[in-house]
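# Observations on the three-dimensional arrangement
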Amino acid sequence: MILFRKNFVSRFFNLIPLLILFFLVCSETNFNFEKLSFLSFNLIYIVIFYWVLKNPDILGYGFIFLAGIINDVVIGLPIGVSSITYLVLAGFAAYVRYLTVEPSIIYDWIVFVPSVAVTNSVYFYILRIFFDIEVDYIVLALNAGSTILLYPIIGILFNFLSKIIIVQKNV
Amino acid sequence: MVTSRDDFSIAIRSAFLKKGTKQKFSLLALIIVSIILLSLEIINSKSLNFVRSVVKDVIYRTSFITSIPGNSIAPAITKIQNYFEVYEQYETVKSKLEQLENQQNRINYLKVENDKLKKVINVTDIYNYESITTKVLVDKKSPFLKSVILNKGFNSGLKKGMPVLDGHYFVGRITEVNYLSSRALLINDLNSKIPVLIEPMGYQAIMSGTGDKVALLEFLPKNHQLEIGNLVYTSGTDGIFFPGVPIGRVESIEKKFHVRFFSDLSQLYFANVITSKIIESEQ
């Protein structure tokens, strides 16, 4: 019984990043403050980048792909756009993971800047060139800026969660 | 960090081709699948549309369920705030009621007069149309795209292009129809272009969404004399929308003319979808 409870708690903590990701794409929860347009940010990018970088076994690529499909359907974009952008971001994170010897939140933050820039460019060009959907690139740039600025704060919170996951695993 | 060229290529290969211990798919394989899905979006076949419609219906319903906790918190906060503002609201409502009573008397008189004049010029009532009331199922406020998901689809007779109203005010049109749900593109979306009529001058223009709470007026006639506060209606020149449905008032922002909507597009809970052309009134 104790073993079962330990397993259950450990699995639950393992599932938290995945639950956050699916909650963000499925629900109406948004971080777009209408009165302050520069304060809209993309928490999904932070979740994907952080967990693929730190612990890719927790956030599988298949789930990231699925989250992208759901996001496209909910927002009303052509199916596949968000999946590609999320997977490109995951690719950046995986690439950095293979190259990094000593990970630190500051280094991750610096790498997050070009990753978001490239990811948003992919998103913008797919919508604009292939589907002729107008996207305000200034809003997109502001959104990317806010997301980048927010990364260390959310990163610290996720560090706590990451430590809890490791502790629960070793109990 | 390692800097040699071989290590970079190994890292790229590992990132995109390796599956990892618990991963079932490689990144590259999933990117290819995403590209294939994107290509399928361009193909418009009956069977594909059916599959899309089913997938979307399922995801919309799931999204609606997952949004319930978040949506129930917001009204609770508003309720608490309202308790603190009750007296202030009472005073405002009281003065507004007096104003409305006066206005109502005037409207009653104008209505009688309007009916008489209509009979003279033989015109049908623009509000005589068949509509379906729908509930906004999901309103994911993306900073880039402005649309809402409605809880009725082609099983209720909804079709692409049908106008969507909030009360009597025009707010958008249907752009996607599934079996049980549909998507309405709002007039403030960047991709929305609506032909409008500006009264009392009778100018025709195109109203383009800006992604904000106002829309931009484009293609106005040269040397126009537009004034702030002029009323904007649908012109119906495209043959899709009815003429004379109110949209908003003209406003000037940074030397450009905009339309401030009558309806608050961020607060849509119910919407009327117009399913038929105007019903001819009995002569």
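Residues numbered from 1 in each chain as written. Chains lettered and ligands numbered in written order. Predicted model: local features only at pLDDT ≥ 70, side-chain atom pairs only at ≥ 80, totals over all residues.

The next point concerns the domain arrangement of chain B. Taken domain by domain, chain B consists of domain 1 (85-123) and domain 2 (127-283). With centres defined by C-alpha atoms, the gap from domain 1 of chain B to domain 2 of chain B works out at 24 Å. (Domains from an automatic or database assignment.)

All names here are of chain B. Here 4 bridges tie strand S3 (residues 163-166) to strand S4 (residues 169-177), and the two strands are oriented antiparallel to one another. Bridge pairing in S4 places aspartate 166 opposite tyrosine 169. In this antiparallel pair of consecutive strands, S3 and S4, the connection spans 2 residues, and glycine 167 shows a positive phi of 70°. The pairing of S4 with strand S5 (residues 182-186) spans 5 bridges and is classified as antiparallel. Counted as the bridge partner of isoleucine 174 is alanine 184 from S5. (Pairing = 2+ DSSP bridges. Helix = DSSP H or I, 4+ residues; strand = E, 2+ residues; numbered from the N terminus.)

Time to look at the sheet that holds strand S6 (residues 193-199) of chain B. Residues and elements named next belong to chain B. An order of S6-S7-S8-S11-S10-S9 is seen for the 6 strands of this closed barrel, with the pairing classed as antiparallel. On average, each strand axis in the sheet is inclined to that of its neighbour by 45°, with strand direction left out of account. For strand S8 (residues 214-218) and strand S11 (residues 256-261), the ladder comprises 3 bridges, and the chain directions are antiparallel. Residue pairing for S11: valine 214 is matched across the bridge by arginine 260. (Axes fitted to C-alpha atoms, helices over the stretch in contact; angles between N-to-C directions.)

The next thing to look at is the nonpolar core. Counting 93 residues, the largest nonpolar core has Ile48(A), Phe49(A), Leu87(A), Ala90(A) and Met207(B) as the members making the most contacts within it. Examining the composition of this core, we find that 12 residues originate from one element, helix H4 (residues 81-99) of chain A, more than from any other. Setting aside anything within four residues of it in sequence, one finds Ala90(A) in contact with Ile48(A), Val52(A), Tyr61(A), Ile64(A) and Leu27(B). (Core = buried A, V, L, I, M, F, W, Y, C linked by C-beta atoms within 7 Å. Buried ≥ 20, exposed ≤ 12 C-beta atoms within 10 Å, placed from the backbone. Contact = placed C-beta atoms within 7 Å.)

Okay, the environment of Val164(B) next. All names here are of chain B. Of note, valine 164 is situated in strand S3. Note on valine 164: 25 C-beta atoms within 10 Å, which makes it buried. Remark: the alpha-carbon pair of valine 164 and threonine 237, spanning 73 residues in sequence, is separated by 17 Å.

What follows covers the packing of helix H3 (residues 61-75) of chain A against H4(A). The relative placement of two packed helices comes down to the angle between their axes together with the axis-to-axis distance. Residues and elements named next belong to chain A. Two elements in contact, H3 and H4, have axes separated by 7 Å at closest approach and are oriented at 145°. Viewed along their axes, H3 and H4 form a crossing whose handedness is right-handed. The segment H3 lies against H4, with Tyr61, Ile64, Phe65, Ala67, Gly68, Ile69, Asn71 and Asp72 engaging Val81, Ser82, Ser83, Tyr86, Leu87 and Ala90. Within the contact of H3 with H4, the residues separate by chemical class into 9 nonpolar, 4 polar and 1 charged. (Left-handed = near helix turned anticlockwise from the far one by under 90°. Nonpolar A, V, L, I, M, F, W, Y, C, P; charged D, E, K, R; others polar.)

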